[in-house]
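# Architecture and fold: a report
Here is what each chain is made of, one letter per residue.
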Amino acid sequence: MSIKLKPISNELKLNRIRYENPWWVDNEIETQYKTMKSRLYFDLFYPLVEEKEPRRAVVLMGPRRVGKTVMMYHAISKLLTKNIVDRSRICFINIENPLYFGMALEELFALARSASGFDNPDGYYVFFDEIQYLTNWEIHLKVLVDSYPNTKFIVSGSAAAALKLKSSESGAGRFTDFLLPPLTFHEYIHLKELNHLIVKTKIVWRGKTSEWFTTNNIQELNKHFIDYINYGGYPEVIFSEKIQSNVGRYIKSDIIDKVLLRDLPSLYGIANVQELNTFFTTLVYYCGNELSLESLSTTSGVNKLTLKKYLEYLEAAFLIKSVSKIDDCAKKFKRQTNYKVYLTNPSLRSALFSPLVATDDAFPHMVETAIFAQWIHRIYFTPWYARWKDGEVDLVALDEKRLKPIWAVEIKWSNRAIENPYDELKALLYFCGKNGLKNAIVTTIDKEGVKLVNDIEIMFVPSSVYTYIVGYNSIENKKAGLF
């Protein structure tokens with residue numbers, strides 16, 4: 001005889017919401033979140049939480065495990081500390097919980113008001129975590145923003161650009177997007193409390209006095225730089241030796257596999273997930289090398305149109321970033337057939353293969369990846385690389401109006417260039433001379449200094465220091481509204 005199943009009771013859901021909101025009782029978030037150090041991005045995020053005008057929901061986007069949930073809890077903690085609103089009007093709900101399956105956001109908000117005992121919706125701060133698990137979340141959220149003008153809604157989700165696409169299409173004028181990337185090296189140093197290794201200084205560069213950094217212990221900084229490349233993208237990993245001892249299991253199963261096997265197939269209807277998985281592994285292996293759809297299609301046996309879509313999907317999930325090519329005259333190609341693909345954080349490579357040591361053949365490519373990973377935090381900055389028959393320059397910035405190079409960087413994990421610049425920097429010197437650049441930056445392992453070579457001022461900077469500088473400036477520019 002079959003048992004007649006009863007639907008999950010409302011009381012059970014109410015109790016779950018009360019459990020998720022312990023500050024209703026003791027005015028504090030859970031200890032595990034309270035003791036975690038805030039990411040430097042928090043100071044950029046929190047003002048959006050308090051912001052009343054314009055009336056918008058905040059959409060906190062980013063790849064898995066970069067600290068979105070922790071950032072939401074830290075925002076709740078600050079609201080409690082500042083006593084901005086009654087603690088029972090601050091509500092957190094994890095959409096991923098199966099208890100809430102099929103429930104609209106408005107239903108969940110009503111349930112939260114019932115659980116807290118404050119039915120009047122005015123003045124609430126409502127945090128919805130893992131919003132991507134709700135079908136048509138963007139429509140639900142737009143309705144809430146329109147229906148409750150005196151309530152602040154903050155949501156988070158993991159499939160960054162897919163969320164961004166939906167939020168911009170359906171929530172125009174209703175949502176404020178905030179992207180939380182993997183850790184910069186600057187944040188890594190901050191969270192690990194290693195600031196004593198960094199020395200602030202000033203330089204005269206390109207005719208201006210600029211803030212700069214160096215180090216008082218390059219060997220120690222490089223040791224942490226290697227750790228950052230292997231483990232440094234995710235806050236939870238950098239503090240756990242247990243996870244670092246099996247980084248493949250943690251990052252691969254909890255970050256990569258969930259994106260490749262669950263998030264992307266469900267968002268884009270991908271049928272052959274193994275094909276996507278194999279393609280991503282290929283991209284990781286050749287990270288930092290020049291690739292073409294033609295060669296990738298030949299290697300993988302997958303047609304170019306499908307591969308192009310996979311590239312778009314992987315970039316949407318913030319796993320990779322493709323960089324386009326210019327020629328030696330800094331001209332863009334009308335049809336981009338070749339490009340470089342970088343991981344948004346180099347530790348993804350360690351997860352798929354194994355951690356690297358500084359002498360591994362692949363390590364220079366991961367140094368390049370680490371530096372690019374800092375630059376892609378700039379929302380409105382487009383990096384380029386220059387390549388022609390006889391040479392290449394790793395990183396070029398273009399003036400989009402004049403279509404002329406502004407600066408160039410050659411990324412090296414070697415000291416040979418500072419010791420013998422005429423032989424080691426032929427391509428960079430040629431590119432600078434042809435495009436009227438009077439200075440350039442070259443990274444090294446541990447040497448620094450300035451040399452005038454062919455009337456071009458070359459600044460040599462250790463790769464770890466340069467990575468820190470770019471990460472630092474990326475966040476400081478955002479604070480200044482420069483992006």
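Procedures and definitions
- Residues numbered from 1 in each chain as written.
- Predicted model: local features only at pLDDT ≥ 70, side-chain atom pairs only at ≥ 80, totals over all residues.
- Heavy atoms only, no water.
- Phe/Tyr/Trp six-rings, centres within 6.5 Å; stacked < 30°, edge-to-face > 60°.
- Helix = DSSP H or I, 4+ residues; strand = E, 2+ residues; numbered from the N terminus.
- Buried < 20%, exposed > 50% of the residue type's maximum accessible area, 1.4 Å probe, protein only.
- Lys NZ or Arg CZ within 6 Å of the ring centre and 35° of its normal.
- Pairing = 2+ DSSP bridges.
- Axes fitted to C-alpha atoms, helices over the stretch in contact; angles between N-to-C directions.
- Contact = heavy atoms within 4.5 Å.
- Polar contact = N/O pair within 3.5 Å; in protein donor to acceptor, adjacent residues only side chain to side chain.
- Patch = residues over 30% accessible without salt bridge, like charges linked within 9 Å, V, L, I, M, F, W, Y side chains within 5 Å.
- Areas by Shrake-Rupley, 256 points an atom, 1.4 Å probe, with all protein chains shown as cover.
- Salt bridge = Lys/Arg side-chain N within 4 Å of Asp/Glu carboxyl O.
- Arc of directions from axis to C-beta.
- Right-handed = clockwise from strand over helix to strand, strands pointing away.

## Here's the deal with the packing of aromatic side chains
The final tally for this structure, using the stated rule, is 29 aromatic pairs. Taking the centre distance of 5.7 Å and the plane angle of 70° together, the rings of Y188 and Y228 count as edge-to-face. With Y188 in helix α9 (residues 185-191) and Y228 in helix α10 (residues 218-231), the pair connects residues that are 40 residues apart, well separated along the chain. Neither Y188 nor Y228 differs from the other in exposure class; each is buried. Relative to Y430, the ring of W388 has its centre 5.6 Å away and its plane inclined at 40°; by these criteria the two rings are tilted. With W388 in strand β11 (residues 384-388) and Y430 in helix α21 (residues 426-435), this pair connects stretches of sequence that are 42 residues apart. Note on Y430: relative accessible area 37%, which makes it partly exposed. When the ring centre of F333 is taken as reference, the NZ or CZ atom of K325 above it lies at 4.9 Å.

## Brief notes about the sheet that holds strand β2 (residues 90-94)
Read across the open sheet, the five strands follow the order β2-β3-β4-β1-β5; overall the sheet is parallel. Only two strands of the sheet have a single partner each, and these edge strands are β2 and β5 (175-179). Taking each pair of neighbouring strands and ignoring which way they run, the sheet shows an average axis angle of 15°. The sheet contact formed by β2 and strand β3 (residues 125-129) spans five bridges and is parallel. Looking across to β3, one finds that C91 is bridged to V126. Packing of helix α5 (residues 68-82) onto the sheet brings it into contact with β1 (57-61), β2, β3 and β4 (152-157), and relative to β3 it is tilted by some 165°.

## Quick notes on the side chain of S464
In this fold, S464 is placed in helix α22 (residues 463-479). Given the relative accessible area of 0%, S464 is considered buried. Within the local environment of S464, its side chain forms a polar contact with the side chain of N222, the two groups lying 2.7 Å apart. Not counting residues within four places of it along the chain, the set of residues in contact with S464 comprises F185, I218, L221, N222 and F225.

## Some words on the sheet that holds strand β14 (residues 439-444)
Two strands in a sheet stick together by hydrogen bonds in their backbones, pointing the same way (parallel) or opposite ways (antiparallel). Judged by pairing direction, the sheet is mixed, and its nine strands sit side by side in the order β8-β10-β9-β11-β12-β13-β14-β16-β15 without closing on themselves. Sheet topology places β8 (290-292) and β15 (449-453) at the edges, where each strand pairs with a single neighbour. Between one strand and the next, the sheet's axes are offset by a mean angle of 40°, whatever the strand orientation. Two strands pair when backbone bridges link them, and β11 and strand β12 (residues 391-399) are joined in this way by four bridges, in the antiparallel orientation. Counterpart to A386 in the pairing with β12 is V393. Against the sheet, helix α15 (residues 293-300) makes contact with β8 and β10 (338-343), and its axis sits at roughly 75° relative to β8, the strand it touches most.

## A look at the pairing of strand β9 (residues 320-326)
Two strands pair when backbone bridges link them, and β9 and β10 are joined in this way by five bridges, in the antiparallel orientation. Counterpart to S324 in the pairing with β10 is Y339. Of the strand pairs in this sheet, β9 and β11 are connected by three bridges, and their pairing is parallel. Each residue of the ladder has a partner; that of S324, found in β11, is W384.

## Some points on a nonpolar patch on the surface
Taken together, the side chains of Y285, Y286 and F353 present a nonpolar region at the surface, about 310 Å² in accessible area. Topologically, F353 is positioned in the loop between α17 (347-352) and α18 (363-375). On the basis of relative accessibility, which here comes to 34%, the residue F353 falls in the partly exposed class.

## Focus on helix α7 (residues 137-147)
Three or four residues apart is the spacing at which side chains of an α-helix point the same way, because the helix has 3.6 residues per turn. All buried positions along α7 are accounted for by W137, E138, L141, L144 and V145. Angular distribution of buried residues about the axis of α7 spans 120°; they occupy a single face of the element.

## What about the pairing of β3?
Counted residue by residue, β3 has five buried out of five residues, so it is predominantly covered. By the alternation rule, side chains of β3 split into Y125, F127 and D129 and V126 and F128, which are all buried. Handedness of the β-α-β unit built from β2, helix α6 (residues 105-116) and β3 comes out right-handed. Across four bridges, β3 lies against β4 in parallel orientation.

Nothing here speaks to function; it is all geometry.
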